[in-house]
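Structure assessment
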Amino acid sequence: MVRVRFAPSPTGNLHIGGGRTALFNWLFSQSQKGKFVLRIEDTDKERSKKEFVDEILFSLKWLGFNWDELYYQSERFDRYRAYADKLLKAGLAYIEKSPDGREAVIFKVEPRKIRVDDLIRGQIEFDSALIKDQVLIKSDGTPTYNFACVIDDAEMDITHIIRGDDHISNTPKQMLFYEALGFPIPGFAHLPLIMGMDGGRLSKRTGATAISDYRKMGYLPQALVNYLLLLSWAPGENREIISLGEAVKLFDIKDVNRTAATFDLKKLDWLNNQYLKNADPEALADELLPLLVQKGYIREDGYDRAYLLGLIKLFQPRLSRLNDFAEWADFFFVEEIHIDPAAQEKFLSGDLSREFGLFVSRLEGLSGFSVEGIEKCFRDLVAELGITSKTLIHPLRVALTGKTIGPGLFELIHYLGLERTKRRLLKWAK
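The following paragraphs examine the structure supplied in this document. Treat the numbers as computed from the prediction; the structure is a model and nothing was measured.

Looking at the overall build of the protein chain
For the protein chain, the count of helices and strands is 18 helices and 12 strands. The globule rule puts the C-alpha radius of gyration for 430 residues at 22 Å, and the 30 Å found for the protein chain is more than 25% above it. Projected onto the principal axes, the alpha-carbon positions of the protein chain cover approximately 100 × 50 × 35 Å. Buried residues in the protein chain amount to 50% of all 430 residues. For the protein chain, the share of sequence-separated contacts (at least 6 apart) that also reach a separation of at least 24 residues comes to 73%.

Written as structure tokens, this is what we have:
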């Protein structure tokens, strides 16, 4: 049975690169009907933090990568020491004492050629003559990364190791340990780096942000996973939108590209928009509720759910990030709106008392306050005044919302309601 592992270190949050590595491991295990093992590599006692562990577990669940087994390296120190002692007894390692009298266990590296058949990159050859003797157990009693990985992967029956290509230099060192301990050697697949749009290594400026931050910014997990899929793999037929379920059926690790992937936030925004447009407004409301409460726009225990859903549907086609809603729709939730100075100068500097006053009186005469009725009032008025629609539509929008762009004017007037519309327009009567 195929068994893969994702092994994050809880010295920080789960970032985009780690998220993609977790995805390709999970995807490979699912496509092969295998197991996905999660191993928390928390041997660094000083830097490993519980809050990072919690964030990693939460982010993986949010992305949809459920694991079959969970291990913590900090609970396995006795296993690493036992294998180090085995290598000492076999004469393959030696003790090195530090000035303070503490002892480290060192593996003797003999010169030889090491070949790895990488599932993505093909055969890679290394010369162990270029590798110095390797520390197995540090003088403080903790295992080194490469040694602990090999012990864990062997004891957890890991059949394939899928990780970033920044680990390629670790592979020959680990191969030496596999062979010295008589462990079966797993298959290796090294994923290409993710680069920023500037061609450099991914940084916070170019997208190297924690997965949990992408959630806070209003990205849907399905969209983020879809985008991570496209970083080094493609479903074929020029498709860009694909669900995890479909990807499982099509995925082959050998189809992963060797070249570095470029992280493009604009592309992610576009993809997120595609998912937001088709999302269930009820689910979006649940996601938005904490943010709207935090901003003081609504009370959690007392808001009009139907009204909120109506507003979400109004903005849904245009949203690139879910959190855009809180910024774009603020004028529905506050009494005093902020008007962009440039928009005010352009559209509200003239005397619009007559036009605004007539429009308000027409609205007051409506028996209902439907979108259709509001539009008829507007069309009749501009025809009567002998002006073009845009002559009045832009000033009305700015006076009502403070913005120059947004949802349809008649729809937003409908949701603002007659009284708020009157107050905002009559403020500009001179």
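From this point on, the discussion continues.
Digging into the environment of Tyr-145
Mapped onto the elements of the fold, Tyr-145 is located in helix 4 (residues 145-155). Considered as a pair, Tyr-145 and Ser-212 are 67 residues apart in the sequence and their alpha carbons are 26 Å apart. Setting aside residues up to four positions removed in sequence, Tyr-145 forms contacts with Glu-41, Arg-163, His-167, Asn-170 and Gln-174. Only 3.3 Å separates the side chain of Tyr-145 from the side chain of His-167, close enough to count as a polar contact.

What to know about the pairing of strand 7 (residues 122-127)
Across six bridges, strand 6 (residues 113-118) lies against strand 7 in antiparallel orientation. Residue pairing in the sheet places Val-116 in a bridge with Ile-124 of strand 7. Count of turn residues in the strand 6/strand 7 antiparallel hairpin: three residues.

Considerations on unusual backbone geometry
Of note in the backbone geometry, Asp-157 takes a positive phi value of approximately 55 degrees without being a glycine. Examined against the element boundaries, Asp-157 turns out to sit in the loop between helix 4 and strand 9 (160-164). Phi angles above zero are rare outside glycine, and Asn-238 is one such case at about 60 degrees.

Topic: the pairing of strand 5 (residues 103-107)
In terms of burial, strand 5 is a largely internal element, four of the five residues being buried. Hairpin remark: strand 4 (residues 93-97) followed by strand 5, antiparallel, with five residues in the connecting loop; positive phi at Gly-101, about 90 degrees. Examined bridge by bridge, strand 5 and strand 8 (residues 134-137) share three bridges and lie antiparallel to one another. Across the sheet, Phe-107 pairs through a bridge with Gln-134, a residue of strand 8.

What to know about the sheet that holds strand 8
Spatially, the three strands line up as an open sheet ordered 4-5-8, and their pairing is antiparallel. Of all the strands in the sheet, the pair left with one neighbour each is strand 4 and strand 8. The sheet shows a mean angle of 40 degrees between the axes of neighbouring strands, direction not considered.

What to know about the nonpolar core
Within the largest apolar cluster, 105 residues are counted, with the highest numbers of intra-cluster contacts made by Phe-65, Phe-325, Phe-332 and Phe-359. In this view, Phe-332 contacts Tyr-307, Leu-311, Leu-314, Phe-315, Leu-412, Tyr-415, Leu-416 and Arg-420; residues no more than four positions away in its chain are not counted. Tyr-83, Val-105, Phe-107 and Ile-124 belong to the second-largest nonpolar core, a separate cluster that totals 32 residues.

Observations regarding the side chain of Asp-118
As for its position among the elements, Asp-118 is in strand 6. Buried and without a salt bridge, Asp-118 has Arg-121 as its closest oppositely charged side chain, separated by 5.1 Å. One polar contact links the side chain of Asp-118 to the main-chain amide nitrogen of Arg-121, over a distance of 2.9 Å. At 2.6 Å, the side chain of Asp-118 and the side chain of His-190 are in polar contact. Not counting residues up to four positions away in its chain, the partners in contact with Asp-118 are Ile-124, Phe-188, Ala-189 and His-190.

Quick notes on helix 18 (residues 418-426)
Taken together, the buried positions of helix 18 are occupied by Arg-420, Thr-421, Lys-422, Arg-424 and Leu-425. Residues of helix 18 that are buried in the fold lie against helix 11 (305-315), helix 14 (353-364), helix 16 (389-401) and helix 17 (409-416).

A word on the pattern of salt bridges
Pairing between side chains of opposite charge can happen when their charged atoms approach one another. Overall, the coordinates contain 30 salt bridges when judged by the stated rule. Two residues, Glu-155 and Arg-79, come together in a salt bridge whose shortest N-O distance is 2.5 Å. Here Glu-155 is found in helix 4, whereas its partner Arg-79 is found in helix 3 (residues 77-89), with 76 residues between them in sequence. Overall, the relative accessible area of 31% leaves Arg-79 in the partly exposed class. Overlapping salt bridges bring together Arg-5, Arg-39, Glu-41, Arg-76, Arg-79, Asp-152, Asp-153 and Glu-155 as one network.

Details of the packing of helix 14 against helix 18
A pair of packed helices is characterised by two quantities: the angle between their axes and the separation of those axes. One can describe the packing of helix 14 onto helix 18 by two numbers: an axis separation of 10 Å at closest approach and a directional angle of 165 degrees. Taken as axis vectors, helix 14 and helix 18 run roughly antiparallel relative to one another. The hand of the helix 14/helix 18 crossing is left-handed. Of the residues in helix 18, those touching helix 14 at Phe-356, Gly-357, Phe-359, Val-360, Leu-363 and Glu-364 are Leu-418, Thr-421, Lys-422, Leu-425 and Leu-426.

What about the packing of aromatic side chains?
Under the counting rule described, the total for this entry stands at 18 aromatic pairs. With a centroid separation of 5.3 Å and 80 degrees between ring planes, the pair formed by Tyr-227 and Phe-263 is classed as edge-to-face. Of this pair, Tyr-227 sits in helix 7 (residues 221-230) while Phe-263 sits in the loop between strand 12 (261-262) and helix 9 (265-277), and the two are 36 residues apart along the sequence. Both residues of the pair, Tyr-227 and Phe-263, belong to the buried class. Three or more aromatic residues link up through ring pairs in this structure, and these residues are Tyr-297, Phe-315, Phe-325, Phe-331, Phe-332 and Phe-333.

What counts as what
Residues numbered from 1 in each chain as written. Predicted model: local features only at pLDDT ≥ 70, side-chain atom pairs only at ≥ 80, totals over all residues. Heavy atoms only, no water. Helix = DSSP H or I, 4+ residues; strand = E, 2+ residues; numbered from the N terminus. Rg over C-alpha atoms; globule rule 2.2 N^0.38 Å. Buried < 20%, exposed > 50% of the residue type's maximum accessible area, 1.4 Å probe, protein only. Contact = heavy atoms within 4.5 Å. Polar contact = N/O pair within 3.5 Å; in protein donor to acceptor, adjacent residues only side chain to side chain. Pairing = 2+ DSSP bridges. Axes fitted to C-alpha atoms, helices over the stretch in contact; angles between N-to-C directions. Core = buried A, V, L, I, M, F, W, Y, C linked by side-chain atoms within 4.5 Å. Lys, Arg positive; Asp, Glu negative; His and termini not counted. Salt bridge = Lys/Arg side-chain N within 4 Å of Asp/Glu carboxyl O. Parallel < 35°, antiparallel > 145°, perpendicular 65-115°, else oblique. Left-handed = near helix turned anticlockwise from the far one by under 90°. Phe/Tyr/Trp six-rings, centres within 6.5 Å; stacked < 30°, edge-to-face > 60°.

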